[in-house]
Amino acid sequence: MNDWAPIAKEYDPLKAGSIDGTDEEPHDRAIWRAMLARYVPNKGVTGDPHLTLFVARLNLQTTEEKLKEVFSRYGDIRKIRLVRDLVTGFSKGYAFIEYKEERALLKAHRDANRLVIDQHEIFVDFELERTLKGWIPRRLGGGFGGKKESGQLRFGGRDRPFRKPINLPNMKNDFYGEGSSEKRNWSREGTRDWRTRDRDHERSRDKRWPERERSWAWGESERERDSKEERSRGRERKDRDRKDRDRDRSRERDTKKQRDDDKHR
């Protein structure tokens, strides 16, 4: 427990799939896929990874110019890379922003997370692909965060940090004789008293049992009688309602007949 931390210092797919980082077996196939993956970071990516931010959950209409306008308030930007689809050229909703100074990077990391840009609340974190040992991307079953609906949440990142494990004390069970020898060395008198108490309890329970049976039987008869009375009252109520409806219909027919007679006169 001394080395526990809410943010993972090294990426382990098995731990990332656990809410407190203590799972010993993977609970979904994606974790198996991440454990078997051999991922190598993209060598075509340039720039200083320790000065680069990862910005996600962007509006697909957000442009590089908009990102530069927002993030330049924290410091001088060296490069912005908005990731786009190779075929369509449309934005994939995330980008990488490299700053010139670490101070600007830390300020943006602290203040820009959950900022709203183009009606979207964004997520900001450090770049992990080239800085976190053992990193496996989301497409291979790794990553951090995720949606509850997917059933593939990943913990240990800024979005979903580890929860501190519940450290239960290692308590011995005296019922099976795991306690100290002093507690297990009962005297014969104590054993005899214990057996006497059990015998008395059995006798008193035998006496109480017929009383409970009578009370349950009485309760059942009472409930049956109440239910019969309730059903009879319901039938009487329905009969009265039916008679009232018949009386109203006959009155309406008489009134209509009287009007027709008046018209023909």
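Before reading further, recall that the structure is shown in the block above.
Below you will find a few notes about this structure. (Residues numbered from 1 in each chain as written. Predicted model: local features only at pLDDT ≥ 70, side-chain atom pairs only at ≥ 80, totals over all residues. Heavy atoms only, no water.)

### Structural notes on the sheet that holds strand S6 (residues 123-126)
How we decide: By the convention used here, strands pair only if DSSP detects at least 2 bridges between them. For helices the rule is a DSSP run of H or I covering at least 4 residues; for strands it is a run of E covering at least 2, with both sets numbered from the N terminus onward. To get an axis, fit a line to the C-alpha atoms, keeping to the stretch in contact for a helix; angles then go from 0 to 180 degrees between the N-to-C directions. By definition in these notes, contact holds between two residues if any of their heavy atoms fall within 4.5 Å.
Pairing is antiparallel in the open sheet, where four strands are placed in the order S2-S3-S1-S6. Lying at the two open borders of the sheet, with one neighbouring strand each, are strand S2 (77-84) and S6. Neighbour-to-neighbour, the strand axes of this sheet turn through a mean angle of 20°, independent of strand direction. In the sheet, strand S1 (residues 52-56) pairs with S6 via four bridges, with the strands oriented antiparallel. Residue Val55 lies in a different strand from S6, and its bridge partner there is Val124. Along the sheet, helix H3 (residues 64-71) makes contact with S1, S2, strand S3 (91-99) and S6, crossing S2 at roughly 140°. Here helix H4 (residues 102-111) sits on the sheet and contacts S1, S3 and S6; the angle it forms with S6, its principal contact strand, is near 145°.

### A look at the packing of aromatic side chains
In this description, a pair of aromatic rings is defined by centroid distance and the angle of the planes. Rules: A pair of Phe, Tyr and Trp rings is counted when the ring centres sit within 6.5 Å of each other, with Trp represented by its six-membered ring. The angle between the planes then sorts it: under 30 degrees is stacked, over 60 is edge-to-face, the rest tilted. The rule is simple: take the accessible area with a 1.4 Å probe, protein chains only, and divide by the maximum for that residue type; under 20% is buried, over 50% is exposed, in between is partly exposed.
Taken as a whole and judged by the stated rule, the model has seven aromatic pairs. When the ring of Tyr11 is compared with that of Trp135, the centres are 5.2 Å apart and the planes differ by 65°; the resulting orientation is edge-to-face. Here the residue Tyr11 occupies a position in the segment before helix H1 (13-16), and Trp135 occupies one in the loop between S6 and helix H5 (181-184), the gap between them amounting to 124 residues. Accessibility expressed as a relative area gives 15% for Trp135, which makes it buried. For the pair Phe54 and Phe96, a centre-to-centre distance of 5.5 Å together with 45° between the ring planes defines the contact as tilted. With Phe54 in strand S1 and Phe96 in strand S3, this residue pair connects regions lying 42 residues apart in the sequence.

### Side note on the nonpolar core
Filter applied, for reference: Throughout, nonpolar core names a set of buried Ala, Val, Leu, Ile, Met, Phe, Trp, Tyr and Cys residues whose side chains join them through atoms within 4.5 Å.
Grouped together as the largest cluster of nonpolar side chains are 19 residues, with contacts concentrated most on Val55, Leu58, Phe71, Tyr99, Ile122 and Val124. Counting residues per element, the ones that place at least two in this core are S1, H3, S2, S3 and H4. Those residues in contact with Tyr99 that sit more than four places away from it in its chain are Leu51, Leu53, Phe71, Tyr74, Gly75, Asp76, Ile77, Arg78, Ala104, Leu105 and Ala108. In this structure, Ala16, Trp135, Phe144 and Phe162 belong to the second largest nonpolar core, which totals 14 residues.

### Remarks on the environment of Lys43
Mapped onto the elements of the fold, Lys43 is located in the loop between helix H2 (29-36) and S1. With 87 residues separating them along the chain, Lys43 and Arg130 place their C-alpha atoms 9.7 Å apart.

### Overview of the pairing of S3
For S3, a buried count of seven out of nine residues is recorded, marking the element as mostly surrounded by other parts of the structure. Alignment of S1 against S3, held across four bridges, turns out to be antiparallel. What sits directly across from Thr52, in S3, is Glu98. What sits between the antiparallel neighbours S2 and S3 is a turn of six residues, in which Gly89 has the positive phi angle 80°.

### Considering a nonpolar patch on the surface
To keep things clear, this is the line we draw: Within the patch definition used here, like charges are joined within 9 Å and nonpolar side chains (Val, Leu, Ile, Met, Phe, Trp, Tyr) within 5 Å, considering only residues with over 30% relative accessible area and no salt bridge. Areas reported here follow the Shrake-Rupley algorithm with a probe of radius 1.4 Å; residue values treat only the protein chains shown as occluding. Counted as salt bridges are all cases of a side-chain nitrogen of Lys or Arg within 4 Å of a carboxyl oxygen of Asp or Glu.
On the surface, Trp32, Met35 and Leu36 cluster together to form a nonpolar patch covering roughly 330 Å² of accessible area. With respect to the secondary-structure elements, Trp32 resides in helix H2.

### Thoughts on H2
We apply this condition: As used here, the arc is the angular range of directions from the helix axis to the C-beta atoms. Polar contacts, as counted here, are pairs of nitrogen or oxygen atoms within 3.5 Å of one another; within protein the pair requires one atom able to donate a hydrogen and one able to accept it, and residues that are adjacent in sequence qualify only if both atoms are side-chain atoms.
Three or more residues of H2 are buried, namely Ala30, Ile31 and Ala34. The arc that holds every buried residue of H2, seen down its axis, measures 100°, which confines them to one face. Facing away from the buried side of H2 by more than 90 degrees, the exposed set consists of Arg29 and Leu36. Buried residues in H2 make contact with H1. Where H2 starts, the residue carrying a side-chain oxygen 3.0 Å from the main-chain nitrogen of Ala30 turns out to be Asp28.

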